[in-house]
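Architecture and fold: a report
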Amino acid sequence: MKVLLIGTFETKGVELGYLSDALARNGLEVERVDVSLGAGGTVLSGAEKLKRMEERAQQAAAHIAAMCDECYVALGVGGGTGGEIVLAALKGLPAVYPKVLITTMAFDPRAALADTAITLIPTLCDIEGLNPMLRQVFENAASMVAGLYRAHIPSAERATAVAVTTLGATGRAGAEVARLLGTHNFEPTVFHANGYGGAAFARFVAESPVAGVIDLNVHELGRLRLAGAHVPMPTRFSCANHLPRVVLPGGLNFIGLGEISTVSPEHLERPHYRHSAYFTHIKLTESEMAAQAQALAGLLNEAKAPCHVIVPMGGLSHEDRIGGAIEDPNLRGIAAEVLEAEARAYTVSRIPDHINTTETALAAVDSLQNAMSKRTEDA
């Protein structure tokens with residue numbers, strides 16, 4: 001019962017030794033992976049330190065990837081530098097492979113964890129010598145890892161998963177699509193298209209047996225091309241080119257920015273609303289919508305499998321409705337016209353309903369089933 005233990009043994013040998021013993025007390029054999037910089041006590045220049053950090057992370061990633069079959073859990077330990085190296089190494093493992101990082105949390109975890117499942121265990125105190133708090137953290141982690149090791153993970157016998165994207169602004173649609181997929185014996189896996197979830201969506205589609213995709217909310221196109229927090233996701237709109245897919249321009253009508261106090265005066269001159277205390281949604285201009293629809297069309301024209309676009313003319317998000325803060329039928333019309341005019345590898349249909357209606361969800365699920373059938377016939 002082997003567990004990968006990853007850390008900077010050069011500087012954290014005592015702490016990692018205690019954790020290794022704690023794992024052994026839980027019946028686990030430890031395979032050590034040392035990612036020390038090898039500085040030997042000397043102070044490295046910033047450039048040299050970054051170079052060695054990258055080298056150690058790459059070496060560790062290759063090593064632990066080769067050991068996945070015999071080691072079923074990867075456990076890393078690190079503060080600032082060590083935590084960054086370990087995190088980079090862990091990201092190379094399969095997305096849902098059990099990965100745990102004990103860390104001082106010296107970073108914002110959102111970007112680091114956008115496309116991979118890593119359990120973070122904060123130490124609260126620094127990892128500088130053993131103390132009662134750190135020992136308790138290590139004992140807890142060892143017990144957790146033992147449980148992860150013994151957990152039964154059922155394997156999928158057939159591709160019944162359907163990947164779905166949504167956001168709070170299209171939350172009702174996402175929930176209804178998921179419910180309807182379940183009635184057809186599909187397993188919906190829903191991703192939050194907020195600039196981070198799209199990276200997880202792309203990785204899930206690449207690594208898992210997925211039957212099809214309903215890309216209900218394409219808001220991240222705005223995050224990537226206009227403004228807003230996001231992580232790199234180069235395959236966000238191409239990962240499903242080989243799969244039956246239905247796309248709706250949900251969330252295409254606004255830019256998702258941060259707290260209202262951080263939004264520029266120019267953006268605040270437009271129709272907008274506070275989605276929450278942390279997020280402000282700004283309505284697109286007509287020229288921005290035309291450019292966004294053009295960009296989306298170009299991406300969808302790379303499809304290699306049946307792809308159908310549905311434009312809900314009753315509204316593209318929860319505040320794009322009669323009396324809504326960013327209601328604008330003209331923007332919907334622009335999106336529909338551009339997507340129709342540019343269609344080469346996909347088809348388009350307009351429906352009169354708002355995106356957050358049962359009718360729209362039914363149309364999306366029916367269209368996906370049609371795309372699946374067409375693909376089967378073509379094959």
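All of these numbers come straight from a predicted model, not from anything done at the bench.

**Some details on the overall build of the protein chain**
The number of helices and strands found in the protein chain is 12 helices and 14 strands. Based on the C-alpha atoms only, the size of the protein chain along its principal axes is roughly 65 × 50 × 35 Å. Looking at the 379 residues of the protein chain, the share that counts as buried comes to 51%. For the protein chain, contacts bridging at least 24 residues in sequence account for 74% of all contacts bridging at least 6. If you sum the accessible surface of the protein chain, you get close to 16,700 Å²; carbon and sulfur atoms cover 54% of it. Separation between the mean location of the 31 positive side-chain charges and that of the 41 negative ones in the protein chain comes to 1 Å.

**Describing the sheet that holds strand β1 (residues 2-7)**
The 5 strands are arranged β2-β1-β3-β4-β5 in an open sheet whose pairing can be described as parallel. Sheet topology places β2 (29-34) and β5 (119-122) at the edges, where each strand pairs with a single neighbour. This sheet shows a mean twist of 20° between the axes of neighbouring strands, independent of strand direction. Sheet analysis places strand β3 (residues 71-78) next to strand β4 (residues 99-103), joined by 5 bridges and oriented parallel. Following the sheet pairing, V77 is matched in β4 by I102.

**Describing the packing of helix α6 (residues 171-183) against helix α12 (residues 358-378)**
Running from N to C, α6 and α12 cross one another at 45°; their axes reach a closest spacing of 9 Å. In terms of axis orientation, α6 runs oblique to α12. Where α6 crosses over α12, the handedness of that crossing is right-handed. Contact residues: A173, E176, V177, L180 and L181 in α6; T358, A361, L362, A364, V365 and L368 in α12. Residue composition of the contact of α6 with α12, by class: 9 nonpolar, 1 polar and 1 charged.

**Re the nonpolar core**
Within the largest apolar cluster, 29 residues are counted, with the highest numbers of intra-cluster contacts made by M289, L296, L300, V309, L339 and Y346. In this structure, Y346 is in contact with A297, L300, N301, C307, V309 and L339, ignoring residues within four places of it in sequence. In terms of nonpolar packing, the next biggest core, distinct from the first, is built from 26 residues, L75, V100, A142 and A146 among them.

**Structural notes on the pattern of salt bridges**
Evaluation of the coordinates by the stated rule reveals 17 salt bridges. In this structure, the salt-bridge partner of R270 is E288, at a minimum N-O distance of 2.8 Å. Highlighted residues: R270 in the loop between α9 (265-268) and β11 (272-274) and E288 in helix α10 (residues 286-300), separated in sequence by 18 residues. You'll find R270 and E288 in the same group, each marked buried. The closest approach of N and O atoms between E319 and R321, which form a salt bridge, is 3.4 Å.

**A short note on the sheet that holds strand β7 (residues 187-192)**
Across the sheet, which stays open at both edges, the 6 strands sit in the order β7-β6-β8-β9-β13-β14 with parallel pairing between neighbours. The outermost strands of the open sheet, each flanked by one partner alone, are β7 and β14 (347-351). For this sheet, the mean angle separating the axes of adjacent strands, direction not counted, is 20°. As defined by bridge partners, strand β8 (residues 210-217) adjoins strand β9 (residues 245-250) across 4 bridges and the pair is classed as parallel. Of the residues in β9, the one forming a bridge with N217 is G250. Sitting on the sheet, α6 touches β6 (161-166), β7 and β8, and the angle it makes with β6 is about 170°.

**What to know about the layout of surface pockets**
Taken as a whole, the second largest pocket spans an internal volume of roughly 390 Å³. T8, T11, L37, T81 and G82 are the residues nearest the centre of the second largest pocket, which is lined by 20 residues in total. Among the elements that take part in the lining of the second largest pocket, helix α1 (residues 9-25) stands out by supplying 3 residues, more than any other. Of the residues assigned to the lining of the second largest pocket, the class counts are 5 nonpolar, 10 polar and 5 charged.

**Overview of the side chain of T8**
Looking at where T8 falls in the secondary structure, it is placed in the loop between β1 and α1. One polar contact links T8 to T11, side chain to side chain, over a distance of 3.1 Å. Excluding anything up to four places from it in sequence, T8 contacts G13, L16, D34, V35, S36 and G82.

**Things to note about the pairing of β6**
Taken across its 6 residues, β6 has 6 buried, putting it largely inside the fold. Taking every second residue as pointing to the same face, both faces of β6 are buried, with A161, A163 and T165 on one and V162, V164 and T166 on the other. Strand direction decides the pairing type here: β6 and β7, joined by 6 bridges, are parallel. When the sheet's bridge partners are listed, A163 is paired in β7 with T189. Where β6 meets β8, 5 bridges bridge the pair, whose relative direction is parallel. Directly across from A161, in β8, lies its bridge partner V210.

What counts as what
Residues numbered from 1 in each chain as written. Predicted model: local features only at pLDDT ≥ 70, side-chain atom pairs only at ≥ 80, totals over all residues. Heavy atoms only, no water. Helix = DSSP H or I, 4+ residues; strand = E, 2+ residues; numbered from the N terminus. Buried < 20%, exposed > 50% of the residue type's maximum accessible area, 1.4 Å probe, protein only. Contact = heavy atoms within 4.5 Å. Areas by Shrake-Rupley, 256 points an atom, 1.4 Å probe, with all protein chains shown as cover. Lys, Arg positive; Asp, Glu negative; His and termini not counted. Charge placed at Lys NZ, Arg CZ, Asp CG, Glu CD. Pairing = 2+ DSSP bridges. Axes fitted to C-alpha atoms, helices over the stretch in contact; angles between N-to-C directions. Parallel < 35°, antiparallel > 145°, perpendicular 65-115°, else oblique. Left-handed = near helix turned anticlockwise from the far one by under 90°. Nonpolar A, V, L, I, M, F, W, Y, C, P; charged D, E, K, R; others polar. Core = buried A, V, L, I, M, F, W, Y, C linked by side-chain atoms within 4.5 Å. Salt bridge = Lys/Arg side-chain N within 4 Å of Asp/Glu carboxyl O. 1 Å grid on protein atoms, 1.4 Å probe; cavity = no way out; pocket = protein on both sides within 12 Å on 5 of 7 lines; lining within 4 Å. Points joined across faces, edges and corners; volume = space filled by probe spheres on them. Polar contact = N/O pair within 3.5 Å; in protein donor to acceptor, adjacent residues only side chain to side chain.

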